[in-house]
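In case you want the letters, here they are:
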Amino acid sequence: MNPLLDIKNLSLDIGGTPILRDISLSVGHGEICGIAGESGSGKSLTALSVMGLLPMGAQRRGVVRLNGNDLFRRSEAEMCQIRGREIGMIFQEPMTALNPLKTIGSQITETLHTHSKISKAEANEIALEKLARVGLGGGRISENTYPHELSGGQRQRVMIAQAIAWQPALLIADEPTTALDVTTQAGILELLRDLVDNEGLSIMLISHDLAVLADMADHVSIMENGAIVEGGATEPLFRGHRHPYTQKLFAAASHIPIQPLAKFREPLLTVENLRISYRKKSTKLFGKATKFEAVSDVSLQILEGESVGLVGESGCGKSTLARAILGLQPIDTGRIELAGATIASVNNPEAEMRKGKAISSPAGLQQIVFQDPYGSFNPRHKVGRLIAEPFHAIPDAPSGKEMVLRIDAALEEVGLSSTDRDKYIHEFSGGQRQRIAIARALVIKPKLILLDEAVSALDVSIRAQILDLLAELRVTHGLSYLFISHDLSVVRAITDRVLVMLNGQILESGKTSEVLSAPHHDYTKQLIAFTPQIPADWISQ
Amino acid sequence: MVRYIVTRFCVLSVSLLVASGIIFTMLEVVPGDPASFMLGINAEADTLAAMRRELGLDQPMLQRYLSWLGGMLTGDFGISYTYRVPVSELVMARIWISLPLAIFALILSTLIAVPAGLIAASRRGRVSDWTVMGTTQLGIAIPNFWFAMILVSIFAIKLRWFSAGGFPGWDQGFWICMQALLLPAIALALPQASILARVMRSSLLETLSQDYIRTARAKGLSQRRTVWAHAFRNALIPVLTIIGLQFSFLIAGAIIIENVFFLPGLGRLIFQGITQRDLIVVESVVMLLVFAVICVNFLVDIAYALVDPRLRRP
């Protein structure tokens, strides 16, 4: 039987620059075909070439057949009939992929109305049926809901509902779970698997996460620089990957930096009975504002030179806790002490309330590195000035030549050179930017660095390098880390101890290896069970 | 939605109160005594005093403010110092020129700008885009009074299609009046339309690069359908803001155009009021304009909520 989708020698140029070279792959009926690779390898553009939704100035060659129908020979009008009807597509960002001004029901029925003249009532009926199919039925989610009223996972389900509304034979899923929490991701992957098993859907699944593909795909193609370097059935490929790039990718994905010997002395950070709440405005007229407790009664300690992981899904209070430790967040009650200095302390909330919530931040003991290496720098300042910024926080800040020397030293420590000082941030890659962010944190010699999803946006090979750098800096400077992440594999790689957080509370804490191998709490067990993993016997050889 | 409207309404009321206070105080500190202005420089001291008493200028400031405010709430704007007729009469006679002119100009500007912006954005980088961008650049650069004079010299003097100025009055019939307002409205609308078209274009371009546009295309909508069904309404949100600001400008800022076309509008009334120290006229008209501006902003806020469910159902 012919494959459903057959791509032969697909090449793509955009504005004269070659982007894809000789891509050949096929998706069989009822199969999940995985495409792996790092950002910029051409995964998404391969998918968009199939859909015929390429940017202006794109030139594609080769043959793409869907059920024997040569897609490159179809006119734009004919392609409109194929998109949504024969091929559905879902994307990475469920937050922005739905129109914020239209109800989810109308966005699902739109797929139906675009391809046939069915009545409103009929379309509505199908929309409700599809909402139920993706797990949003039973009156829990009305079709009159707007996207902003849904969670990320629910939005991704709506995306799937509108993509499969016409029952296309092929679904292209471009990083469908990358922006989601582990538990939510598990639900979406299960739904996709169910659609394949029970409705004969075929999926072209694009992901940078090898573990997701190991779990889902029947066969996988590995892409690098616009070409497929290796491909084949998933298990043999994962067991015996031969191409040097594939080997590099697998090594980086499971990379564990060499850890310093654990010898911790004094407590560095002490958080006691911390409570932080937000006021939530009522949506009703004259309704009372409600209190939402983001952090409730949290106590924790980080020792000098210790690396502690903080895991939990989005909205669990991780970031609020981090802000409080940085001294940026007013607290309700509790105490935060860092290296003997009090960052925040509120004992009697009634009395403190009248004065306004107390915050103070001791000079330069703690610094932070954020997730987004693109958004966390002012693009109009030179790197030297960006790195010098934290000097404002310390009383004995160096100036003139001495300051320049300190900046250069910080740059060299993160593997950049002093010539980078006069460049602008756009001249650097994502990994280099994250190095600059670390240099900025390092320059005032802090005791504690908070790493808020600091490697989540990076490709696996870059992530491995940054993890190595962090491990090395920890030894040379005796640094402590609070490593906030939803990615358990990274936490496993770099932390000594781990805290598991849910609904503003710390459920479980202990040595990372122990908690992750023998979790006590049900939530931790669930978290670990839902984290996709490459089966151990596939890699142990 | 109810909560949103009530909050907006409270903001409106407070803004009005604050604005009235500021307007009153500013005119108090401006030099120039209305009484001496009315009686001329040779007036006797006791005549002046009598005049001031008659006008109520001898009372304490707070009391005058409160009675001014109270009067306005009951529709009594006081009596003009110079014309000796109720201010409300003066305003009423003129507002029926200024308001229709502003609305007319705004409709023209929107009718020109929205399609122009749409065409420019959906044909980005092509001839039609360049044409729209070039024309709007010109429209912003040309002073509107100069453009108004060109319009008069072509359409009124050479071709004799329209009269060169003046206003016949609404009792002469709707179409005759609209004819008299057409040239001034075009002159007012041109720069506004140019700005609005550019806002529309950039807003639409921004919207077209959003993820949900790609989603719509992946569902099988054509480029054109996508623009209409998804991009247009989202792109309208910033355009609404500008339309609100422009209406405020058009209703108050038409002084020069009113002068070019000899239209007895609010702009001219306020101009005369200032030169003649007719404080009560100035105060009342300025307050009225502030009221109009704040009301328009209120309406724009409501329009936001109608367009954007995130405001309606937070």
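What counts, and where the lines are drawn
Residues numbered from 1 in each chain as written. Chains lettered and ligands numbered in written order. Predicted model: local features only at pLDDT ≥ 70, side-chain atom pairs only at ≥ 80, totals over all residues. Heavy atoms only, no water. Helix = DSSP H or I, 4+ residues; strand = E, 2+ residues; numbered from the N terminus. Rg over C-alpha atoms; globule rule 2.2 N^0.38 Å. Buried < 20%, exposed > 50% of the residue type's maximum accessible area, 1.4 Å probe, protein only. Contact = heavy atoms within 4.5 Å. Lys, Arg positive; Asp, Glu negative; His and termini not counted. Charge placed at Lys NZ, Arg CZ, Asp CG, Glu CD. Disulfide = S-S within 2.5 Å. Phe/Tyr/Trp six-rings, centres within 6.5 Å; stacked < 30°, edge-to-face > 60°. Lys NZ or Arg CZ within 6 Å of the ring centre and 35° of its normal. Pairing = 2+ DSSP bridges. Axes fitted to C-alpha atoms, helices over the stretch in contact; angles between N-to-C directions. Buried area = accessible area lost by both parts, 1.4 Å probe. Salt bridge = Lys/Arg side-chain N within 4 Å of Asp/Glu carboxyl O. Expected span 1.5 Å × (residues − 1). Arc of directions from axis to C-beta. pLDDT = per-residue confidence, 0-100. Domains from an automatic or database assignment. 1 Å grid on protein atoms, 1.4 Å probe; cavity = no way out; pocket = protein on both sides within 12 Å on 5 of 7 lines; lining within 4 Å. Points joined across faces, edges and corners; volume = space filled by probe spheres on them. Nonpolar A, V, L, I, M, F, W, Y, C, P; charged D, E, K, R; others polar.

1. As for the overall build of chain A
Working step 1: From N to C terminus, chain A includes 19 helices and 20 strands.
Working step 2: A globule of 541 residues ought to have a C-alpha radius of gyration of about 24 Å, and chain A, at 26 Å, matches this closely.
Working step 3: Its C-alpha atoms put chain A at 70 × 60 × 45 Å along the principal axes.
Working step 4: For chain A, buried positions account for 52% of its 541 residues.
Working step 5: Considering only contacts in chain A between residues 6 or more positions apart, those separated by 24 or more positions represent 69%.
Working step 6: Charge-centre separation for chain A: the mean point of 55 positive side chains lies 5 Å from the mean point of 61 negative side chains.

2. Here's the deal with the state of the cysteines
Working step 1: Enumeration according to the criterion identifies zero disulfides over all chains in this entry.
Working step 2: Cys-10 of chain B takes part in no disulfide bond, and the closest cysteine sulfur, belonging to Cys-295 of chain B, lies 14 Å away.

3. A look at the packing of aromatic side chains
All names here are of chain A.
Working step 1: Here the structure, examined in full by the defined rule, presents nine aromatic pairs over all chains.
Working step 2: An aromatic cluster of at least three residues, connected via ring pairs, comprises Phe-238, Phe-250 and Trp-538.
Working step 3: Positioned over the ring face of Phe-72 is Arg-60, at 3.9 Å from the centre of the ring.

4. Some details on the sheet that holds strand β11 (residues 267-280) of chain A
All names here are of chain A.
Working step 1: Ordered by their spatial adjacency, four strands build an open sheet running β12-β11-β14-β15, and the pairing between neighbours is antiparallel. Pairing within the sheet leaves two strands with one partner each, and these edge strands are β12 (290-303) and β15 (341-346). Recorded for the sheet is a direction-independent mean angle of 15° between the axes of neighbouring strands.
Working step 2: Pairing of β11 with strand β14 (residues 333-338), which is carried by five bridges, proceeds in the antiparallel orientation. Within the sheet, the bridge partner assigned to Leu-269 lies in β14 and is Leu-338.

5. Notes on the interface of chain B and chain A
By a widespread convention, an interface's size corresponds to the accessible area lost as its parts come together.
Working step 1: Counting from both sides, the interface comprises 26 residues of chain B and, opposite them, 36 residues of chain A.
Working step 2: The largest share of the area that chain B buries against chain A comes from Arg-3, Lys-219 and Arg-313 of chain B, three residues that together contribute 26% of it.
Working step 3: Joining chain B to chain A, the criterion identifies two salt bridges.
Working step 4: In this structure, Lys-219 of chain B engages Glu-110 of chain A in a salt bridge whose closest nitrogen and oxygen atoms are separated by 2.9 Å.

6. Some remarks on helix α4 (residues 61-73) of chain B
All names here are of chain B.
Working step 1: Given a rise of 1.5 Å per residue, 13 residues ought to cover 18 Å, and the 18 Å separating the end C-alpha atoms of α4 matches this to within 8%.
Working step 2: Along α4, the residues that are buried comprise Arg-64, Tyr-65, Trp-68, Leu-69, Gly-71 and Met-72. Each buried residue of α4 lies within a common arc of 160° when the element is viewed along its axis, so the set occupies one face. Across α4 from its buried face, at more than 90 degrees, point the exposed residues Leu-62 and Leu-73.
Working step 3: For α4, the elements touching its buried residues are α1 (2-29) and α13 (279-307).
Working step 4: Note on α4: the residue one or two positions beyond its end, Gly-75, has a positive phi of about 85°.

7. What about the confidence of the model for chain A?
The predicted structure's coordinates, where accompanied by low pLDDT, should not be read in detail.
Residue and element names in this part refer to chain A.
Working step 1: Averaged over chain A, the pLDDT score is 87; the fraction of residues at 70 or greater is 94%.
Working step 2: Mean pLDDT in chain A bottoms out at helix α11 (residues 349-355), which sits at 50, and peaks at strand β8 (residues 202-206), which reaches 96.
Working step 3: Long-range and interchain partners of residues 353-359, a stretch whose pLDDT sits below 50, account for ten contacts in this model, where long-range means more than four residues apart.

8. Notes on the domain arrangement of chain B
All names here are of chain B.
Working step 1: Once the domains are mapped, chain B shows domain 1 (2-73) and domain 2 (93-308).
Working step 2: Domain 1 and domain 2 are separated by 32 Å when their C-alpha centres are compared.
Working step 3: If you look at the interface, domain 1 gives 18 residues, while domain 2 gives 18 residues.
Working step 4: A buried area of about 1,700 Å², summed over both sides, lies between domain 1 and domain 2, and 81% of it is on carbon and sulfur atoms.
Working step 5: Three residues stand out in domain 1 for area buried against domain 2, namely Leu-16, Leu-27 and Phe-37, and they jointly supply 30% of the buried area on that side.

9. Some words on the pattern of salt bridges
Working step 1: Overall, the coordinates contain 25 salt bridges over all chains when judged by the stated rule.
Working step 2: A salt bridge links Arg-239 of chain A to Glu-235 of chain A; its shortest N-O distance comes to 2.8 Å. On the criterion of helical spacing, the pair formed by Arg-239 of chain A and Glu-235 of chain A is a turn pair, its members being four residues apart in helix α8 (residues 234-240).
Working step 3: On the basis of relative accessible area, Arg-239 of chain A is assigned to the partly exposed category, the value being 31%.
Working step 4: Given the relative accessible area of 34%, Glu-235 of chain A is considered partly exposed.
Working step 5: Salt bridges here are not isolated pairs; linked through shared partners, they connect Glu-76 and Arg-83 of chain A together with Arg-217 of chain B.

10. A look at the pairing of strand β3 (residues 32-37) of chain A
Residue and element names in this part refer to chain A.
Working step 1: Of all six residues that make up β3, six are buried, and the element is covered over most of its length.
Working step 2: Neither face of β3 is open: one carries Ile-32, Gly-34 and Ala-36, the other Cys-33, Ile-35 and Gly-37, and all of them are buried.
Working step 3: Bridging between β3 and β8 involves four bridges; their strand directions are parallel. Paired with Gly-34 across the strands is Leu-205, a residue of β8.
Working step 4: Examined bridge by bridge, β3 and strand β9 (residues 219-224) share five bridges and lie parallel to one another. The residue bridging Gly-34 from the neighbouring strand is Val-220, located in β9.

11. Notes on the layout of surface pockets
Working step 1: What the second largest pocket holds in volume is close to 1,100 Å³.
Working step 2: Lining of the second largest pocket is provided by 28 residues; of these, Leu-54, Pro-55 and Met-56 of chain A together with Arg-217 and Gln-223 of chain B occupy positions nearest its centre.
Working step 3: Grouping the amino acids of the lining of the second largest pocket by side-chain chemistry returns 13 nonpolar, six polar and nine charged.

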